[in-house]
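Summary of structural features
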Amino acid sequence: MPPTMATRARFVYSRRRAADEEEEQEEASSSSSDEEEEEEAEVEGSDEEGDAEEEEEEADADEPAVKASPSAAAGAKAPGRGGRKGPITISLKKVCKVCKKTGHQAGFKGAVYIDCPMKPCFLCKMPGHTTLTCPHRVAMEHGVIPAPRRNTNTSLDYVFQSQIKGKISMVKPRFLVPNQLECGNIKFHQRRVTCLEFHPTQNNVLLSGDKKGLLGIWDYVKLHEKVTYDSVHSCILNSMKFDTANDGVLYTASSDGTISSTDLDTGIGSPLLNLNPDGWSGPSTWRMIYGMDLNTEKGLLLVADSFGFLYLLDRRSKTRIGQPVLIHKKGSKVTGLHCNPAQPEVLLSSGNDHFARIWDTRKLEPKSSLASLAHGRVVNSGYFSPRSGNKILTTCQDNRIRVWDYIFGNLESPSREIVHSHDFNRHLTPFKAEWDPKDYSETVAVIGRYISENHNGVALHPIDFIDTSTGKLLAEVMDPDITTISPVNKLHPRDDILATGSSRSIFIWKPKNDTDDPTEERTSQKVKEYVYGSGSRKKSNGKHGDSSDDDSDGGTGGKNKKAKKTRFTHTAKGKGKSKA
DNA sequence: ACTTGATGATCCC
DNA sequence: TGGGATCCCTCAAG
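Residues numbered from 1 in each chain as written. Chains lettered and ligands numbered in written order. Predicted model: local features only at pLDDT ≥ 70, side-chain atom pairs only at ≥ 80, totals over all residues. Heavy atoms only, no water.

Scanning chain A for helices and strands turns up nine helices and 35 strands. Per-residue burial over chain A gives 53% buried out of 580 residues. Expressed as a percentage of contacts within chain A between residues at least 6 apart in sequence, the contacts between residues at least 24 apart total 53%. Surface accessibility of chain A: about 26800 Å² in total, with carbon and sulfur atoms responsible for 50%. (Helix = DSSP H or I, 4+ residues; strand = E, 2+ residues; numbered from the N terminus. Buried < 20%, exposed > 50% of the residue type's maximum accessible area, 1.4 Å probe, protein only. Contact = heavy atoms within 4.5 Å. Areas by Shrake-Rupley, 256 points an atom, 1.4 Å probe, with all protein chains shown as cover.)

Structure below.
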């Protein structure tokens with residue numbers, strides 16, 4: 001059932017329900033037959049709102065007028081508020097919730113979303129068609145805009161010399177898509193998941209951060225071993241990085257303006273950096289940290305704030321090195337940082353100023369970037385390829401994944417732009433395309449998809465595996481039990497495992513094993529185990545547990561004590577802060 | 001089965 | 001250059 005369908009449209013809808021998708025498409029792309037009957041009910045003129053509402057009541061005696069037409073009521077009030085002049089058009093029948101015009105309706109019809117035809121395509125952003133007919137949707141393998149490859153030298157040549165050649169394997173590795181849901185941790189977090197990271201040495205341990213700053217640790221094989229720490233950060237946990245010298249320590253970056261070095265056994269964090277030492281004095285001065293990376297060679301922590309500045313920290317002495325450097329437009333957010341895996345001195349930054357930039361951290365000055373990569377909108381992320389470091393992959397809010405095949409070449413335009421739905425939505429964690437760290441050929445990337453696909457009558461949002469060398473869609477990973485969007489995805493550095501953050505839940509995917517029970521039933525059952533609690537917990541009701549879920553494994557004992565030496569065995573909320 | 005609210009980038013003056 | 005209205009496939013609580 002489409003929950004967004006307006007009450008008043010029910011008649012039209014039920015009449016049409018039996019109709020197939022084609023008719024719906026037709027309706028969406030052109031003004032067709034059905035509207036005629038609504039036009040007559042339209043009230044035009046410069047009536048005052050009171051009049052208009054009365055009219056409506058009479059016309060729609062069947063239904064409570066106010067309730068039935070919230071959009072019309074809002075529309076009637078708008079002129080008074082906004083001072084808009086001219087005739088007011090009040091529709092008594094269905095009004096498009098996007099453009100407020102009659103004759104069509106945007107929204108879900110069953111599991112299919114019908115676009116507003118007055119807007120540019122929600123996928124490729126071009127006018128003249130909607131998502132349903134967008135060529136990039138119909139055939140993903142054609143969703144590539146080729147760009148000429150040039151070979152002009154850049155200053156990056158100087159930095160890299162020829163050290164990288166020969167590092168890339170020419171042999172395509174075995175590629176197993178982790179396409180089957182293995183297990184999940186439903187509502188492990190109280191707010192939406194913002195980042196994920198696999199533990200570097202403990203193979204089955206997944207770290208997760210959320211919008212409230214909660215840090216989660218979960219062993220997805222032992223399942224019941226999970227911990228959450230709520231005292232490390234006070235708001236959005238944007239990035240996590242392990243200390244390569246000590247894998248018991250995790251660096252975290254947060255919108256609270258701090259970098260924390262957290263002991264995973266105790267959950268006790270010591271601040272490495274606090275950009276808001278004087279506390280809150282309004283949003284215009286509050287600094288948030290999104291981008292962070294570690295230069296392991298130099299023991300250097302690189303951090304960037306929401307005002308465009310980059311900070312260098314010495315990991316051991318915990319002191320700042322030099323002054324902050326402006327690396328993106330002043331006052332704009334730096335969304336991400338990545339040190340080149342082959343040449344850690346080389347840094348890639350992405351920002352809200354619609355640019356990704358490459359820097360030499362040994363020679364940092366404002367405007368001293370080695371290259372500036374222009375994008376259509378905000379750049380959510382930018383990553384060097386995981387082994388050779390000589391490719392770049394960026395995710396931009398203009399619904400394009402950009403690939404630069406060779407950073408020695410001319411970087412003015414990307415080698416490819418891959419149209420892919422990962423639009424910005426303020427309620428979703430920004431999408432980020434990430435390389436598969438196991439793929440020696442450096443071609444496979446994973447990214448969640450915003451727009452849904454009708455999957456047996458259910459709107460599902462797949463996780464896409466994309467061949468970045470061709471733009472071809474290699475695999476769509478989804479499960480009928482997961483109806484929410486999955487903007488956060490992480491591929492395991494060694495195993496064929498995908499971790500997904502979707503809303504407040506975390507999921508683990510594995511490749512489908514032929515020896516496994518092939519029925520979907522098994523998958524569903526597995527998820528439900530976590531829906532209803534792990535181990536000792538009994539199924540309490542027919543719905544997903546509420547936020548008390550987090551305490552569900554209290555049965556393992558020692559609930560309010562610290563997690564001391566027994567790691568990850570129970571839910572610990574902060575260090576001794578938990579309520580009695 | 002509806003409504004509500006949280007809240008980031010953008011656009012427009 | 002800055003404040004305020006606007007917004008398109010959210011999600012889950014009530």
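Right, let's get into unusual backbone geometry. At Leu 223, a residue that is not glycine, the phi angle is positive and equals roughly 65°. Positioned with a positive phi, Glu 442 is a non-glycine residue whose angle comes to about 55°. Here Glu 442 lies in the loop between strand E27 (434-435) and strand E28 (444-448).

Close contacts around DNA strand B come from 12 residues, with Lys 211, Lys 333, Asn 352, Arg 426 and His 427 the closest. Here, DNA strand B places atoms within 4 Å of the protein, and 53% of those atoms are sugar or phosphate. Here Lys 211 contributes a side-chain N or O atom positioned 2.9 Å from a phosphate oxygen of DNA strand B. Between a phosphate oxygen of DNA strand B and a side-chain N or O atom of His 354, the distance comes to 3.5 Å. Of the residues in the surface near DNA strand B, the class split is three nonpolar, four polar and five charged. (Near = heavy atom within 4 Å. Polar contact = N/O pair within 3.5 Å; in protein donor to acceptor, adjacent residues only side chain to side chain. Nonpolar A, V, L, I, M, F, W, Y, C, P; charged D, E, K, R; others polar.)

So, on to the layout of surface pockets. A volume near 1400 Å³ is recorded for the largest pocket. Lining the largest pocket are 49 residues; nearest its centre among them are Glu 197, Lys 241, Asp 293, His 338 and Lys 490. When residues of the lining of the largest pocket are traced back to their parent elements, those giving at least two are strand E7 (193-198), strand E11 (237-243), strand E15 (289-295), strand E19 (334-339), strand E23 (379-384), E27 and strand E33 (488-491). Per-class residue counts for the lining of the largest pocket are 23 nonpolar, 17 polar and nine charged. (1 Å grid on protein atoms, 1.4 Å probe; cavity = no way out; pocket = protein on both sides within 12 Å on 5 of 7 lines; lining within 4 Å. Points joined across faces, edges and corners; volume = space filled by probe spheres on them.)

The next point concerns the confidence of the model for chain A. For chain A, mean pLDDT is 75; residues scoring 70 or higher make up 66% of the total. The low-confidence segment residues 1-91, where pLDDT is below 50, has 95 contacts with residues more than four positions distant or belonging to other chains. Low pLDDT, under 50, characterises residues 160-172; the stretch is placed with 22 contacts to residues that sit more than four places away or in other chains. (pLDDT = per-residue confidence, 0-100.)

In this section: the pattern of salt bridges. Pairing is possible between side chains of opposite charge, provided their charged atoms come close. Tallying each qualifying case throughout the model produces 20 salt bridges. Here Asp 293 and Lys 241 are joined by a salt bridge, their closest N and O atoms 3.3 Å apart. Taken together, the positions of Asp 293 in strand E15 and Lys 241 in strand E11 put the pair 52 residues apart, joining distant regions of the chain. Ionic contacts of the salt-bridge type, sharing partners, join the residues Arg 137, Arg 449, Glu 453, Asp 464 and Glu 476 into one network. (Salt bridge = Lys/Arg side-chain N within 4 Å of Asp/Glu carboxyl O.)

Within soluble globular proteins, side chains that are nonpolar tend to cluster in buried spots. Membership of the largest hydrophobic core comes to 16 residues, with the highest contact counts inside it found for Tyr 251, Ile 259, Leu 273, Ile 289, Met 292, Leu 301 and Val 303. Other than its neighbours up to four places away in sequence, Ile 289 contacts Asn 238, Ala 253, Ser 254, Ser 255, Gly 257, Thr 258, Ile 259, Leu 273, Leu 275, Val 303, Ala 304 and Asp 305. If you look at the next biggest cluster of nonpolar residues, it comprises 15 residues, including Phe 431, Ala 433, Tyr 450 and Ile 485. (Core = buried A, V, L, I, M, F, W, Y, C linked by side-chain atoms within 4.5 Å.)

Attention now moves to the protein's contact with DNA strand C. The environment of DNA strand C is made up of 20 residues, and the closest members are Phe 122, Arg 426, Ser 452, Ile 485 and Ser 503. Close to the protein, within 4 Å, the atoms of DNA strand C are drawn from sugar and phosphate at a rate of 59%. At 3.1 Å from a base nitrogen of DNA strand C is found a side-chain nitrogen or oxygen belonging to Arg 137. Within the backbone of Ile 485, an N or O atom sits 2.7 Å from a phosphate oxygen of DNA strand C. Taken together, the residues of the surface near DNA strand C break down into eight nonpolar, six polar and six charged.

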